[in-house]
Structures are given as structure tokens and as C-alpha cells.
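The chain contents come next:
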Amino acid sequence: MNPTALMIMLLSLAIGTTMTLMSHHWLLAWIGLEINTLAIIPLMTKTPHPRAIEAATKYFLTQASASALILFSATMNAWKTGEWSIILLSDPYTITLSMALMMKLGLAPLHFWLPEVIQGIPLSTGLILSTWQKIAPMTLLLQISHLTDLKLLITMGLTSILIGGWGGINQTQLRKVMAFSSIGHLGWMVLILKFNPQLTLFNFLLYLTMTAAMFFSLMSITSTKISEISSSWPKSPILVTTMMLVLLSLAGLPPLTGFSPKLLIILELAKQNTLLLASVTMLASLLALFFYLRLTYVMILTLPPHIPPSSTHWRTTKNSPLTATMTTLALLIFPLSPTFLLII
């Protein structure tokens, strides 16, 4: 892609997200979401492949439907209450707006577009779609968290955790695995949204860090299939080792970064006397743990079928400082969790 066009698209992404973050008016927030949607489509189709065109079309139709629902609900709410303010919502339109924002995020059962879209686009665009594109809808959800329906949030949260685990088990494509991982993590965030919005924000920031670290690592070794990462050890053993640890962090194993949000969410659910919900959530997360462990097994504990005769391998993998920074954050934030919670 032309560097000037790429800069314009990335700048548009930044402007769209910033506009949504700064607005307290539904119309301005909607305009920011639309700028975001339109700016990422050229990035999806920068390699003119039929699969990329199909992914961009699916993404556009889904996001356009969700945006239309947001605009309709906000307009009807303004007609009823006389206010366009984000935090002033009347009852029936809160549910439709919440559903539209969850559709933009890719929460189950409105998740069907997400694995297909991420599978059809390059890793760099998949990184933007999995991290940056979720900031604006999640911010709006956080702003209306006190008005949302608790039963709806719990239902969609549990469904997302279950589908995120079930969907990732049988995958051979790493981008689809990351898509189902994203659905599962968003389910954890939505589950606790009504009880403790600050904890949702904390979980979201750590999700962005861990997902970015994983995508940067995959971009460094240019792997998109499980069969490719199984032969990556000879090329870059240190990077593959840190990738394994990032995967375990995504799974939520102690003492890595990903353990802190899961621990705090379970403690918050127990504090709210929802022990059954906490138990079901922990059991559902075992499905996701299975495919993360499967990936780490393939990466570290299996050898490629053809071992080269030479003892020295060409190590042409270039690790950027950004990859190292994100990986370090994705592994070592757990001891700093109380500090981050105080800041948030």
C-alpha cells in the first residue's frame, strides 16, 4: 500500500476512536464509529485476494447493521427524552444499544463475523481489528454500564466464554484461534461490567497488551497455521519460548499477567454472592485452557518432521523493540496489578 494512503488510514483510525472517546453526544460517538469502520476496510483489502475482499464485505455489512441500530436507538431515545447525552437512556433503547455495541465487539451469539473476517485479512490488520477497533465500542459500553440489563450481560458473557472455548478447540489456523480467544476474553469483561466497570477496564487493558504481544510475535515469525509454528523453534528459540508464555498468560495461568483479571473477576463474583455463576465461569474457561495448552505443546514439545543435518540454522527473524516491550508487559504485570487498579 502507498505509504501516504496508509498514513491517512491510520490517522483516520486514530481520529475516529478519539472522537468516540471524547464525545458525550450519541451522534458524535456514532460518527467516530463510522470513521473507524471505513478507515480499516482499505487496510483489509491491501492484498487484493478474494478471501480479503470477502472478509472486508462481511465486516462492512456487520458493522453497518450495528451502526444503523445504534443510530436508530439513539434517535428514538432523543425523541422520547429530548436528550442526546450518552448517559441518559430510557429503558427499551438501552438493550438495543447494548446489543449493537456487543455486535461491534463480536460477542456471542453475535460473533459469527469475527473468526471469518480475521481469517481473511493479514496479521497486521488482524492486530488492529482485535485491539484498536474494540476500544471505541468498549468505551461506550463502559459509559452506559450502570443502565445495562444484568441478565443480558450475564447471558452474553457466559455464552461468549463457552463459544470462545468450544470454537478454538478444533482450529488449525492461528488467526481463528486468536479470534475465538478474543470472544472468550470479551465474555469475561462483559460478565463483570455491571458489578464493577473498573475491573472491566482493567481486564480490557490487559487483553489489549496480551493480544498485541501475540500478534507481534506471529508477525515476527510470519506464521498463520499451527503446523508452521511447530517448525519455528530452530529459527528463533527465544521468541517461540516467549510466545508460549504469552499463550499461557492468555489462558490465565499464574504467575503471569493474564491470571490477575481472572482472579479479581472470580473474587468480585464471589463478593456479589453469585457463587454458581463464578463456578460455571471457571469451568467454562477450562475449554479455552485446553486449546492454549495444545498450542504450547505443538510449539515447544514437538519436533518438526524433517530435522536438518546442520547443527546451525539460519536465524533471520527480526524482533522489533515493540514486540519485546509488549511481550514483557504481557508476562510480568501481575505483581503490579494493585497499582494499576489504584490508578484506574
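Every chain begins its residue count from 1, and numbering advances along the sequence as written. A pLDDT threshold of at least 70 governs which residues receive local features in this predicted model, and a stricter bar of 80 or more applies before side-chain atom pairs are shown or counted, although totals over entire chains, interfaces and linings include all residues. The side-chain figures draw on all heavy atoms in the structure; neither hydrogens nor water molecules are used.

Under an unreviewed UniProt entry, the name given to the protein chain is NADH-ubiquinone oxidoreductase chain 2, and the organism recorded is Nanorana sichuanensis. UniProt positions are given in the numbering used here, feature names are shortened, and annotations may be inferred rather than shown by experiment. In its Sequence similarities (unreviewed entry) section, the UniProt entry covering the protein chain states "Belongs to the complex I subunit 2 family." According to the UniProt record, the Subcellular location (unreviewed entry) comment for the protein chain is "Mitochondrion inner membrane".

A. Main features of the overall build of the protein chain. Helix and strand content of the protein chain: 16 helices and 0 strands. Here the radius of gyration uses the C-alpha set of atoms, whereas the globule reference equals 2.2 Å times the residue count to the power 0.38. Since a compact globule built from 344 residues should have a radius of gyration of about 20 Å, the 20 Å found for the protein chain is in line with a globular shape. Relative accessibility decides the category of a residue: with a 1.4 Å probe and only protein chains considered, values under 20% of the type maximum give buried, values over 50% give exposed, and everything between is partly exposed. A burial count over the protein chain gives 53% of its 344 residues as buried. Contact criterion: two residues are considered in contact whenever any of their non-hydrogen atoms come within 4.5 Å of each other. Contacts in the protein chain between residues at least 24 apart in sequence constitute 79% of all its contacts with a sequence separation of at least 6. Per-residue and other accessible areas follow the Shrake-Rupley method at a 1.4 Å probe size, with only the shown protein chains counted as cover for residues. Carbon and sulfur atoms form 72% of the exposed surface of the protein chain, whose accessible area is close to 15500 Å². By the criteria applied, helices consist of DSSP H or I runs no shorter than four residues and strands consist of E runs no shorter than two, each listed in order from the N terminus.

B. Inspection of helix α2 (residues 26–44) at higher detail. Counted at 1.5 Å a residue, the expected span for α2 with its 19 residues is 27 Å, and the 27 Å between its end C-alpha atoms agrees. Turning to α2, its buried residues are Trp-26, Ala-29, Gly-32, Leu-33, Asn-36, Thr-37, Ala-39, Ile-40, Ile-41, Leu-43 and Met-44. For α2, the secondary structure elements touched by its buried residues are α1 (3–22), α3 (50–81), α4 (91–105), α5 (113–119), α6 (123–130) and α7 (135–143). One fewer than the residue count of a helix, multiplied by 1.5 Å, yields its expected span.

C. How the structure looks around the domain arrangement of the protein chain. How far each domain reaches was decided by an automatic or database domain assignment. According to the domain assignment, the protein chain contains domain 1 (8–136) and domain 2 (149–306 + 314–343). Taken over C-alpha atoms, the centre of domain 1 sits 23 Å from the centre of domain 2. With 26 residues of domain 1 in contact, the opposing surface of domain 2 contributes 28 residues. In short, buried area is how much 1.4 Å probe accessible area vanishes from two parts on joining, totalled over both. Here domain 1 and domain 2 share an interface that buries about 2300 Å² over both sides, 81% of which is from carbon and sulfur atoms. When residues of domain 1 are sorted by the area they lose upon contact with domain 2, Gln-119, Leu-123 and Leu-127 head the list and together hold 28% of the total. Salt bridges, as used here, are contacts in which a Lys or Arg side-chain nitrogen is within 4 Å of a carboxyl oxygen on Asp or Glu. Among the salt bridges present, the one from Lys-176 reaches Glu-116, with a minimum N-O distance of 3.4 Å.

D. Here's a closer look at the nonpolar core. For the purposes of this section, nonpolar cores are sets of buried Ala, Val, Leu, Ile, Met, Phe, Trp, Tyr and Cys residues that join through side-chain atoms within 4.5 Å. Ranked by size, the top nonpolar core spans 51 residues in total, and within it Met-214, Leu-218 and Leu-269 carry the most contacts. Considering every element that reaches this core, the biggest residue donor is helix α10 (residues 197–221), with 11 residues. Each residue touching Leu-269, except ones within four places of it in the same chain, is listed here: Leu-191, Ile-192, Phe-195, Thr-274, Leu-277, Ala-278 and Thr-281. With 30 residues, the next largest nonpolar core counts Leu-105, Leu-107, Met-138 and Met-156 among its residues.

E. Main features of the packing of helix α12 (residues 237–251) against helix α14 (residues 275–300). Inter-axis angles, ranging from 0 to 180 degrees, are taken between N-to-C directions of lines fitted to C-alpha atoms, where helices are fitted over the stretch in contact. At their nearest, the axes of α12 and α14 sit 9 Å apart, and the two run at 170 degrees to each other. When the axes of α12 and α14 are compared, the pair comes out roughly antiparallel. Residue-level inspection shows Val-240, Thr-241, Met-243, Met-244, Leu-247, Leu-248, Leu-250 and Ala-251 of α12 in contact with α14, the latter providing Leu-289, Tyr-292, Leu-293, Leu-295, Thr-296, Met-299 and Ile-300. Put simply, angles under 35 degrees are roughly parallel, angles over 145 are roughly antiparallel, angles from 65 to 115 are roughly perpendicular, and the rest are oblique.

F. Focus on the UniProt feature "transmembrane region" (unreviewed entry) in the protein chain. The UniProt entry lists residues 110–132, 152–170, 201–218, 238–256, 276–301 and 322–343 under the feature "transmembrane region" (unreviewed entry), expressed in the numbering used here. Measuring from the first to the last C-alpha atom of residues 322–343 gives 24 Å, for a span that is 82% helix and 0% strand.

G. Region of interest: unusual backbone geometry. Residue Pro-109 follows Ala-108 across a cis peptide bond; omega there is 0 degrees. With a phi angle near 50 degrees, Thr-222 is a residue other than glycine that sits in the positive phi range.

H. Spotlight on the packing of aromatic side chains. Put simply, two rings from Phe, Tyr or Trp (the six-membered ring, in Trp's case) pair if the centres are within 6.5 Å, and we call them stacked under 30 degrees between planes, edge-to-face over 60, tilted for the rest. Counted under the stated rule, the structure contains 4 aromatic pairs. Consider the rings of Phe-291 and Tyr-292, whose centres lie 4.7 Å apart with planes at 40 degrees: the pair is tilted. Per residue, the accessibility class of Phe-291 equals that of Tyr-292, and both read buried. Any Lys NZ or Arg CZ that is within 6 Å of a ring centre and within 35 degrees of that ring's normal is treated as a charge sitting over the ring. Just above the ring of Trp-188 sits the side chain of Lys-262; from NZ or CZ to the centre is 5.1 Å.

I. Structural context of the side chain of Ser-145. Structurally, Ser-145 can be placed in the loop between α7 and α8 (150–169). In this structure Ser-145 comes out as buried when scored by relative accessible area, which is 5%. Here a polar contact is recorded for every N or O atom pair within 3.5 Å, except that within protein the pair must consist of a potential hydrogen donor and a potential acceptor, and residues adjacent in sequence are included only if both atoms are side-chain atoms. A distance of 2.9 Å separates a polar atom in the side chain of Ser-145 from the backbone oxygen of Leu-142. Not counting residues within four places of it along the chain, the set of residues in contact with Ser-145 comprises Leu-193, Lys-194 and Pro-197.

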